[in-house]
Amino acid sequence: MDACLAVDKELEKLFEKYASANERGQQTLDEFVHSLKSFISELLERPPDELVSEGARIAIAAFIERARTVTNSVSTFHKDLHGSVSKLGKTIDRNFTSDFSAIITEGAFDGESRQRLLNEVICEHFLRQGLLDIAESLNVDANLGLSQERKEPFLELHRILEALRQHNLEPALEWAEINRDELNKRNSPLEFKLHRLRFIELIKYGSIKQREVLQYARKLAPFADMHMKDMQLLMGSLLYLNEGIANSTYSFLFEDSSWAEICDIFTRDACGLLGLSVESPLSVGINAGCKALPPLLSIRQVMQSRQVAGVWSSKEELPVEIDLGQDYRFHSIFACPILRQQSTEQNPPMRLTCGHVISKDALHKLVVGSSNRFKCPYCPVEMTTGETKQIYF
């Protein structure tokens, strides 16, 4: 982020200098052109056979010299701008690293099993994006052998999303009705939002489709309790059916943002029912890597300058913690309050009889002798290791 801000700051300076140079250059040229026209008019007023006087020759020579001065001035503006553009390029090179070999883990994708997993992730990404031909070509070339049953959910997801982008609600409504029970368990507003959009599409026609609008309003009745406010807005819009809702205070119902919203809701719910993440793992991995790259490069540079590069020897974890933000936290994490370490499968969180939770390693360190008895580090309750229980987050 600091690198982007530094380049952005330099870019703003270049824009300001360009605007200033353009204004000064244009003003200088306009003044010169005006003077040139005046000088030409003055010369044309003289009789054609009149000899050029000494004063006229001096005036012409002075004007030619002024033309050279204007040319040099405009050229100086251009050279100054060229220098600023070159400086911007150097700023980009200085703030952005093109060689990432220092933080690459050798052999990360070696081995047939890892290669296959990587190809499957890429293939799934293409399927999610609707690039079916590319996904099928990768499936064949990499010998993934993905079955039609595995590809079908992605094909259906893309087909319905494409229809929604074309403002066609039928496929999505059919899918929502088939999966109504599962959607209700998730308290999903998808089915109501789809019917709401269909209702809005009908009221666009005004009083011409008044009967259809009133009949379709009955389909919204089952959703009234959970979506009372939205229902009130939809029913209130009917007051302007004859006059034209687009010219009323309810014109916001026709905004295109509703279609973008329904695509997001459908994608989230469909992926949830399929047991998939909303975003493809490939996108998440690349975005997370891009956010983590700057601090990783800084850490590597510090290690190399202090000649402690060997600290970064483990392939399973980083030498420091990198916070990617709330959007990239997918699991609950327990950190032991005693050892200040995150729990793992080998070192799980353990619940004590008093209710406090510590890690398994910390529990073993508290045990005194062979009695397996210890005291809670936060309260005076005494217990044995057999009375503790492993908990799962």
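Reading the values: rules and limits
- Residues numbered from 1 in each chain as written.
- Predicted model: local features only at pLDDT ≥ 70, side-chain atom pairs only at ≥ 80, totals over all residues.
- Heavy atoms only, no water.
- Helix = DSSP H or I, 4+ residues; strand = E, 2+ residues; numbered from the N terminus.
- Rg over C-alpha atoms; globule rule 2.2 N^0.38 Å.
- Buried < 20%, exposed > 50% of the residue type's maximum accessible area, 1.4 Å probe, protein only.
- Contact = heavy atoms within 4.5 Å.
- Areas by Shrake-Rupley, 256 points an atom, 1.4 Å probe, with all protein chains shown as cover.
- Lys, Arg positive; Asp, Glu negative; His and termini not counted.
- Charge placed at Lys NZ, Arg CZ, Asp CG, Glu CD.
- Axes fitted to C-alpha atoms, helices over the stretch in contact; angles between N-to-C directions.
- Parallel < 35°, antiparallel > 145°, perpendicular 65-115°, else oblique.
- Nonpolar A, V, L, I, M, F, W, Y, C, P; charged D, E, K, R; others polar.
- Disulfide = S-S within 2.5 Å.
- Pairing = 2+ DSSP bridges.
- UniProt positions renumbered as here; feature names shortened; annotations may be inferred.
- pLDDT = per-residue confidence, 0-100.
- Core = buried A, V, L, I, M, F, W, Y, C linked by side-chain atoms within 4.5 Å.
- Phe/Tyr/Trp six-rings, centres within 6.5 Å; stacked < 30°, edge-to-face > 60°.
- Lys NZ or Arg CZ within 6 Å of the ring centre and 35° of its normal.

**Section: the overall build of the protein chain**
Thought 1: Broken down by element type, the protein chain carries 13 helices and 5 strands.
Thought 2: Taking 2.2 N^0.38 as the reference for a compact globule, 393 residues should give roughly 21 Å; the C-alpha atoms of the protein chain span a radius of gyration of 36 Å, well beyond that estimate.
Thought 3: In terms of overall dimensions, the protein chain has a C-alpha envelope of 125 × 80 × 55 Å along the principal axes.
Thought 4: Relative to its full complement of 393 residues, the protein chain shows a buried share of 30%.
Thought 5: Restricting the contact set of the protein chain to residue pairs at least 6 apart, pairs at least 24 apart contribute 56%.
Thought 6: Surface summary for the protein chain: the accessible area is close to 26,700 Å², and the carbon and sulfur share equals 53%.
Thought 7: One finds the centroid of the 45 positive side-chain charges in the protein chain at a distance of 5 Å from the centroid of its 55 negative side-chain charges.

**Concerning the packing of helix H8 (residues 190–203) against helix H9 (residues 210–220)**
Thought 1: Across the interface, H8 lies against H9 with an axial gap of 10 Å and an inter-helix angle of 170°. Looking at the two axes, H8 sits roughly antiparallel to H9. Contacts between H8 and H9 involve Phe 192, His 195, Arg 196, Arg 198, Phe 199, Leu 202 and Ile 203 from the first element and Glu 212, Val 213, Tyr 216, Ala 217, Lys 219 and Leu 220 from the second.
Thought 2: Classifying every residue of the contact of H8 with H9 by side-chain character gives 8 nonpolar, 1 polar and 4 charged.

**Structural notes on the state of the cysteines**
In protein structure, a disulfide is the covalent linkage between the sulfur atoms of two cysteines.
Thought 1: One pass over the full model with this rule turns up 0 disulfides.
Thought 2: With no disulfide partner, Cys 263 has as its closest neighbouring cysteine sulfur the one in Cys 271, 13 Å distant.
Thought 3: Residue Cys 263 is classed as buried on the basis of its relative accessible area, which comes to 12%.

**A look at the sheet that holds strand S2 (residues 357–359)**
Thought 1: If you walk across this open sheet you meet the 3 strands as S2-S1-S5, and the pairing is antiparallel. The open sheet has two edge strands with one neighbour each: S2 and strand S5 (389–390).
Thought 2: Sheet analysis places strand S1 (residues 349–351) next to S5, joined by 2 bridges and oriented antiparallel. If you follow Met 350 over to S5, its bridge partner there is Gln 390.

**Describing the UniProt feature "domain: CTLH" (unreviewed entry) in the protein chain**
Thought 1: Residues annotated in UniProt with the feature "domain: CTLH" (unreviewed entry) correspond here to residues 153–210.
Thought 2: Taken end to end, residues 153–210 has its terminal C-alpha atoms 38 Å apart, with 74% of it in helix and 0% in strand.

**A closer look at the side chain of His 227**
Thought 1: Within the secondary structure, His 227 is located in the loop between H9 and helix H10 (228–237).
Thought 2: Excluding residues within four positions of it along the chain, His 227 makes contact with Pro 189 and Phe 192.

**With respect to the confidence of the model for the protein chain**
Thought 1: In this model, the protein chain carries an average pLDDT of 80, and 90% of its residues clear a pLDDT of 70 or more.
Thought 2: Per-residue pLDDT, averaged within each element of the protein chain, yields its smallest value for helix H2 (residues 54–95) (76) and its largest for S1 (91).

**Structural notes on the nonpolar core**
Thought 1: Counting residues in each nonpolar core, the largest one holds 38 residues, and the members touching the most others are Leu 164, Leu 190, Leu 194, Phe 199, Ile 203, Ile 262 and Phe 266.
Thought 2: Listed by contribution, the elements that provide at least two residues to this core are helix H5 (148–165), helix H6 (170–178), H8, H9, H10 and helix H11 (257–273).
Thought 3: Per-element accounting of this core gives the leading share, 8 residues, to H8.
Thought 4: Ignoring sequence-local partners within four residues, the contact set of Phe 199 consists of Val 213, Tyr 216, Ala 217, Leu 220, Leu 234, Met 235 and Leu 238.
Thought 5: Phe 334, Cys 336, Ile 358 and Met 383 belong to the second-largest nonpolar core, a separate cluster that totals 13 residues.

**Some points on the packing of aromatic side chains**
Thought 1: Counted according to the given criterion, the structure contains 4 aromatic pairs.
Thought 2: Arranged with centres 5.1 Å apart and planes meeting at 80°, the rings of Trp 175 and Phe 266 form a pair that is edge-to-face. Separated by 91 residues along the polypeptide, Trp 175 in helix H6 and Phe 266 in helix H11 bring together distant segments of the chain. One exposure class covers both Trp 175 and Phe 266, and it is buried.
Thought 3: Centre to centre, the rings of Tyr 250 and Phe 252 are 6.5 Å apart; their planes meet at 25°, and the pair counts as stacked.
Thought 4: Note on Tyr 250: relative accessible area 17%, which makes it buried.
Thought 5: Between the NZ or CZ atom of Lys 209 and the centre of the ring of Tyr 205, over which it lies, the distance is 4.1 Å.

**Observations regarding H10**
Thought 1: Taken together, the buried positions of H10 are Met 231, Leu 234, Gly 236 and Ser 237.
Thought 2: Tucked into the core, H10 has its buried residues touching H8 and H9.

**Notes on the UniProt feature "zinc finger region: RING-Gid-type" (unreviewed entry) in the protein chain**
Thought 1: Under the local residue numbering, the UniProt record ascribes the feature "zinc finger region: RING-Gid-type" (unreviewed entry) to residues 336–379.
Thought 2: Helix makes up 16% of residues 336–379 and strand makes up 20%, while its end C-alpha atoms are separated by 16 Å.

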